[in-house]
Amino acid sequence: MGRVFRSLFIFLLSSLIFAAAIASLVSPDDESEDPLIRQVVSDDDDLLLNAEHHFNNFKRKFGKSYATPEEHAYRLGVFKANLRRARRHQKLDPSAVHGVTQFSDLTPAEFRRSYLGLKPLKLPVDAHNAPILPTNDLPTDFDWRDHGAIAAVKNQGSCGSCWSFSTSGALEGANFLATGKLVSLSEQQLVDCDHECDPEEPDSCDSGCNGGLMTSAFEYTLKAGGLMREEDYPYTGTDRGTCKFDKTKIAASVANFSVVSLDEDQIAANLVKNGPLAVGINAVFMQTYIGGVSCPYICSKRLDHGVLLVGYGSEGYAPIRLKDKPYWIIKNSWGEGWGENGYYKICRGRNVCGVDSMVSTVAAVNISPR
Ligand SMILES: *[C@@H]1O[C@H](CO)[C@@H](O)[C@H](O)[C@H]1NC(C)=O
């Protein structure tokens, strides 16, 4: 046993040293013109000396203001801790760029509470296991954005409703495949009306800004008859309203939904055949993510965020071009200003941050045009 632990320790230590060495070589020039970010990820001393200067830039860039001097001082402290965290993330995740984001004045707990919202619940009764698909003819690169199946990036705001955006995104894609039309669908309907429960745990239901699960939301949508259009039931980002679902205005309906096995080829095959997939992920590296392919050496697989898998690729595994490595392309719901125009790239191959472990696919009914 002792020897096993010693080897493990040496392995981890050498990985960290390797990571630090690579990180010091990384130049994020091609990723960002922002001198603030460049300083944050490349210059440790400057980072701490000039934290207040960076904080002022941050407040200006993201339009932040604080009600009292106490709040300001507290947020500056949180911001400094996040600068250090971004630097740690950079060392652990050298193929991505980490730095100051719109979330840099939030503690990790505040960030989880207000901007994530995935509740891993039990699978609903109508969930199947997706049939095993052939994988020999898969394209090397694929992106549903190139085929018109993906609506513009949306913003969940300060509400733990990620699950509703992952759900609407998957159904928007499935509906596009069934009807040839891309229709943006309502998350607010899910936030207000979907209280789908695990019958054995009545506390753990889909619950608006307090979290939910995509498969439960597919179950709700199947039972309710469908989702309305975004413009007929617009997003408010709060869960204090009553349900305003109007059955006569259904724009997309669920035919069935399935859970995809934890196998990257099956995930890719289901993506290509059935449209974008609803996936769970651990979002800890996303709080500081600026761009590039995120491939952290260490990342929890505890799923806390629901997102949409829209494609995969392998080109330009920047900034170190030793070899192209494959990645997944993920649509997020934090606006276009976050990440790469609202998107995240995460490496494929070893279930990084749990990205392969909760994948579901939905099929839409071909509703005749109205
Ligand atoms: C799901 O629905 C689609 C579209 O109607 C259909 O082609 C497919 O066979 C269904 N899958 C299952 C598992 O019922």
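Residues numbered from 1 in each chain as written. Predicted model: local features only at pLDDT ≥ 70, side-chain atom pairs only at ≥ 80, totals over all residues. Heavy atoms only, no water.

As recorded in an unreviewed UniProt entry, the chain goes by Cysteine protease RD19A-like and comes from Nelumbo nucifera. What the UniProt record of the chain gives under Sequence similarities (unreviewed entry) is the line "Belongs to the peptidase C1 family." (UniProt positions renumbered as here; feature names shortened; annotations may be inferred.)

Caption draft 1: Representation of the overall build of the chain. Within the chain, the regular secondary structure consists of ten helices and 14 strands. In the chain, which comprises 370 residues, the proportion classed as buried is 55%. Long-range pairs, those at least 24 residues apart, make up 77% of the contacts in the chain between residues at least 6 apart in sequence. (Helix = DSSP H or I, 4+ residues; strand = E, 2+ residues; numbered from the N terminus. Buried < 20%, exposed > 50% of the residue type's maximum accessible area, 1.4 Å probe, protein only. Contact = heavy atoms within 4.5 Å.)

Caption draft 2: Focus on the state of the cysteines. Applying the stated rule across the entire model yields five disulfides. In this model, Cys-159 is linked to Cys-209 through a disulfide, with the two sulfur atoms separated by 2.1 Å. The S-S bond linking Cys-159 to Cys-209 shows a torsion near -90 degrees; that makes this disulfide left-handed. Of the two residues, Cys-159 is situated in the loop between strand 3 (142-143) and helix 7 (162-179) and Cys-209 in the loop between strand 5 (201-205) and helix 9 (214-224); the sequence distance between them amounts to 50 residues. Of the residues examined, Cys-209 reaches a relative accessible area of 12% and is grouped as buried. There is a disulfide in this structure between Cys-299 and Cys-353, and the S-S distance comes to 2.1 Å. (Disulfide = S-S within 2.5 Å.)

Caption draft 3: Local environment of the nonpolar core. Core analysis: the biggest nonpolar cluster contains 77 residues, and Tyr-344 and Ile-346 have the highest contact counts within it. With six residues, helix 7 is the single largest residue contributor to this core. Two domains share this core, each providing at least three of its residues, namely domain 1 (21-105) and domain 2 (115-365). Those residues in contact with Ile-346 that sit more than four places away from it in its chain are Ile-281, Val-293, Ser-294, Tyr-327, Trp-328, Ile-330, Val-352, Cys-353 and Val-355. Within the second largest apolar cluster, eight residues are counted, among which are Phe-55, Phe-58, Leu-83 and Val-100. (Core = buried A, V, L, I, M, F, W, Y, C linked by side-chain atoms within 4.5 Å. Domains from an automatic or database assignment.)

Caption draft 4: Summary view of the environment of Thr-242. Among the structural elements, Thr-242 can be located in the loop between strand 6 (227-228) and strand 7 (250-252). In the structure, Thr-242 is positioned 51 residues away from Val-191 in sequence and 9.7 Å away in space, judged by C-alpha atoms. When neighbours within four sequence positions are excluded, Thr-242 is seen to be in contact with Asp-192 and Tyr-233.

Caption draft 5: Summary view of empty space enclosed by the protein. Evaluated as defined, the whole model comprises two cavities of 30 Å³ or more. As a volume, the largest cavity reaches approximately 100 Å³. Lining the largest cavity are 14 residues, with Phe-165, Ser-166, Lys-331, Asn-332 and Ser-333 positioned closest to its centre. Top element by residues in the lining of the largest cavity is helix 7. It accounts for five residues. (1 Å grid on protein atoms, 1.4 Å probe; cavity = no way out; pocket = protein on both sides within 12 Å on 5 of 7 lines; lining within 4 Å. Points joined across faces, edges and corners; volume = space filled by probe spheres on them.)

Caption draft 6: Region of the structure containing the site of the ligand. The full set of residues close to the ligand is His-128, Ala-255, Asn-256 and Ala-363. A distance of 2.3 Å is found between an oxygen atom of the ligand and a side-chain nitrogen or oxygen belonging to Asn-256. The fraction of the free accessible surface of the ligand (360 Å²) that becomes covered by protein chains is 37%. Its residues assigned to classes, the shell around the ligand comprises two nonpolar, two polar and no charged. (Near = heavy atom within 4 Å. Polar contact = N/O pair within 3.5 Å; in protein donor to acceptor, adjacent residues only side chain to side chain. Areas by Shrake-Rupley, 256 points an atom, 1.4 Å probe, with all protein chains shown as cover. Nonpolar A, V, L, I, M, F, W, Y, C, P; charged D, E, K, R; others polar.)

Caption draft 7: Seen up close, the pairing of strand 13 (residues 343-347). Along strand 13, five of the five residues are buried, which leaves the element largely enclosed by surrounding structure. Of the two faces of strand 13, both are covered, the one formed by Tyr-343, Lys-345 and Cys-347 as well as the one formed by Tyr-344 and Ile-346. Relative to strand 13, strand 10 (residues 289-294) runs parallel, the two sharing two bridges. Bridging across to strand 13, Val-293 finds its partner in Lys-345. In this sheet, strand 13 lies alongside strand 12 (residues 327-331) in antiparallel orientation, the contact comprising five bridges. Directly across from Ile-329, in strand 13, lies its bridge partner Lys-345. (Pairing = 2+ DSSP bridges.)

Caption draft 8: A look at the pairing of strand 8 (residues 254-260). Pairing analysis gives three bridges linking strand 2 (residues 127-129) to strand 8, with the strands arranged parallel. Bridged to Ala-127 within strand 8 is Phe-257.

Caption draft 9: Region of the structure containing the packing of helix 7 against helix 9. Packing of helix 7 against helix 9 brings their axes to within 9 Å, and their N-to-C directions diverge by 60 degrees. Comparing their axes, helix 9 and helix 7 come out oblique. Two packed elements cross with a definite hand, and for helix 7 against helix 9 that hand is right-handed. Residues Trp-163, Ser-166, Thr-167, Ala-170 and Leu-171 of helix 7 lie in contact with helix 9, whose contacting residues are Met-214, Ala-217, Phe-218 and Thr-221. For the contact of helix 7 with helix 9, a count of residues per class yields six nonpolar, three polar and no charged. (Axes fitted to C-alpha atoms, helices over the stretch in contact; angles between N-to-C directions. Parallel < 35°, antiparallel > 145°, perpendicular 65-115°, else oblique. Left-handed = near helix turned anticlockwise from the far one by under 90°.)

Caption draft 10: Highlighting the pattern of salt bridges. A complete count under the given rule lists 13 salt bridges for this structure. As a salt-bridge pair, Lys-154 and Glu-230 come within 2.7 Å of each other at their nearest N and O atoms. Here Glu-230 lies in the loop between strand 6 and strand 7 and Lys-154 lies in the loop between strand 3 and helix 7, a separation of 76 residues in the sequence. Notably, a salt bridge pairs Lys-244 with Asp-192, separated by 3.8 Å at the nearest N-O pair. In this pair, Lys-244 sits in the loop between strand 6 and strand 7 while Asp-192 sits in helix 8 (residues 187-193), placing the two residues 52 residues apart along the sequence. Taking the relative accessible area as the measure of exposure, Lys-244 reaches 48% and is therefore partly exposed. Residues joined in a network through salt bridges with shared partners are Lys-154, Glu-172, Glu-187 and Glu-230. (Salt bridge = Lys/Arg side-chain N within 4 Å of Asp/Glu carboxyl O.)

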